[in-house]
Amino acid sequence: MKKKVLVLTGGGDCPGLNAVIRGIVKRAKQEKDWQVVGSMEAFNGILRDPMEIKKLSNRSTAGIHVKGGTILKTTNKGNPFDFPMKNEDGSVTIIDRSDELIEKIQDLGIEAVISIGGDGSQRISQKLFDQGLNIVGVPKTIDNDLSATNYTFGFRTAVQIATDSFDKLVTTGESHHRVMIMEVMGRDAGWIALHTAIAGGAEVCLIPEIPYDINKVVKHINQRYEKGKGFANIVIAEGAKSLNTKIVSKESDETGYEHVRLGGVAYQLSEQLKAAGCKADIRETVLGHTQRGGTPVASDRVLATLFGVKAFEMILNKEYGKMVSYLNNEITTVSLEAATSSYNYVATDSFLVHAAKNIGIAFGD
Ligand code: F6P
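Here is a short report on the structure shown in this document.

Basis of the calculations
- Residues numbered from 1 in each chain as written.
- Predicted model: local features only at pLDDT ≥ 70, side-chain atom pairs only at ≥ 80, totals over all residues.
- Heavy atoms only, no water.
- Pairing = 2+ DSSP bridges.
- Helix = DSSP H or I, 4+ residues; strand = E, 2+ residues; numbered from the N terminus.
- Axes fitted to C-alpha atoms, helices over the stretch in contact; angles between N-to-C directions.
- Contact = heavy atoms within 4.5 Å.
- 1 Å grid on protein atoms, 1.4 Å probe; cavity = no way out; pocket = protein on both sides within 12 Å on 5 of 7 lines; lining within 4 Å.
- Points joined across faces, edges and corners; volume = space filled by probe spheres on them.
- Nonpolar A, V, L, I, M, F, W, Y, C, P; charged D, E, K, R; others polar.
- Domains from an automatic or database assignment.

## Focus: the sheet that holds strand β14 (residues 322-327)
Within the open sheet, the seven strands sit side by side as β3-β2-β1-β6-β7-β14-β15. Their pairing is mixed. Edge positions in the open sheet fall to β3 (53-56) and β15 (330-335), since each of these has one partner strand only. Strand-to-strand twist across the sheet, computed as the mean angle between neighbouring axes with direction ignored, equals 30°. Strand direction decides the pairing type here: strand β7 (residues 135-139) and β14, joined by two bridges, are parallel. Following the sheet pairing, glycine 137 is matched in β14 by methionine 323. Sheet strands in contact with helix α9 (residues 298-316) are β1 (3-9), β2 (34-39), β6 (110-117), β7, β14 and β15, and its direction is about 140° off that of β14.

## Notes on the layout of surface pockets
What the largest pocket holds in volume is close to 1,100 Å³. As for the largest pocket, its lining consists of 48 residues, of which Gly12, Asn76, Arg187, Tyr257 and His259 are closest to the centre. Where the lining of the largest pocket is concerned, the elements lending two or more residues are α4 (119-130), β8 (179-184) and β12 (260-262). A class-by-class count of the residues in the lining of the largest pocket yields 13 nonpolar, 18 polar and 17 charged. Residues lining the lining of the largest pocket come from more than one domain, with at least three contributed by each of domain 1 (3-153 + 296-339) and domain 2 (156-293). As for the second largest pocket, its lining consists of Asn44, Thr75, Lys77, Phe83, Pro84, Met85, Lys86, Val92 and Thr255. Along the lines of polarity and charge, the residues of the lining of the second largest pocket split into four nonpolar, three polar and two charged.

The structure is reproduced here in structure tokens:
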């Protein structure tokens, strides 16, 4: 009988997930006695009755590295420790199904699990590891907000999509002498915004790590209109806030969804700019989920493939309780504990911020 490794994707999707899955399957094929199976929608595929799992072969994963999304589907409402169960009357009870999950995985004869997911998913991996599950993690997120890896796949694709959109906004903004605001994702980190601002040549970049003074932003913009006509392009991260405002967010009404939902700060900024004396016409664009969709860029496909190969080799070496990581140009491993213990903020004293400031990008500080 072949040994089985279970693969799943959890949390929000991200370009490159399919390339990881294909990398795992191809690497496993090099070993005669291993078989890869996938659980649909994170661990939900195992917890469902009947289970939703599928065999992953070279044939079923051929060419998928080019495609966005995940062939295993995903969810951010499937935490086995806080699992939402619908009662007959429509109400929901949250229960811990982690023991049941581990038992079901063992009953299937699965040797080990590879969980591809962001910080939330890796925290779940850590807890399952503590309960005895043989598990390794693969980091994913467009936000690049995991501290134990220099980059996550999906990030560069998101930056490319945002930059392409920004380039389009520049020409229309310039033609109309407008201030164009483009809001990008990133949760509490400004990585996507900052990279896009540098790549696109933004006049202003507003990120969560640097609360902005709206009067300074307006002053910078007004200077561009001194000779009568001008234009200005702003990139703002969804988690940005001014000195006097809070993050724009709302509680989700989706059962089992554990995050607050960010989005809409572009409209708040627009109002703030007008109130602070910006005379130019202003337009807002919220890029939203376009940043997570479609074909991964080549470098994300490469990183994701390397992560997939490494993750399977960690299973071969029984390096459980660890996560694949890309550090200092090497594919290596870190403990899940270290991987989830701190958040990867943009350092305000980094060369990235220094360079952005020194090419004239204003942060409102
Ligand atoms: O973490 C990735 C991300 O795309 C964030 O940038 C964003 O705030 C969030 O997920 C959106 O989540 P959802 O797809 O659940 O709306």
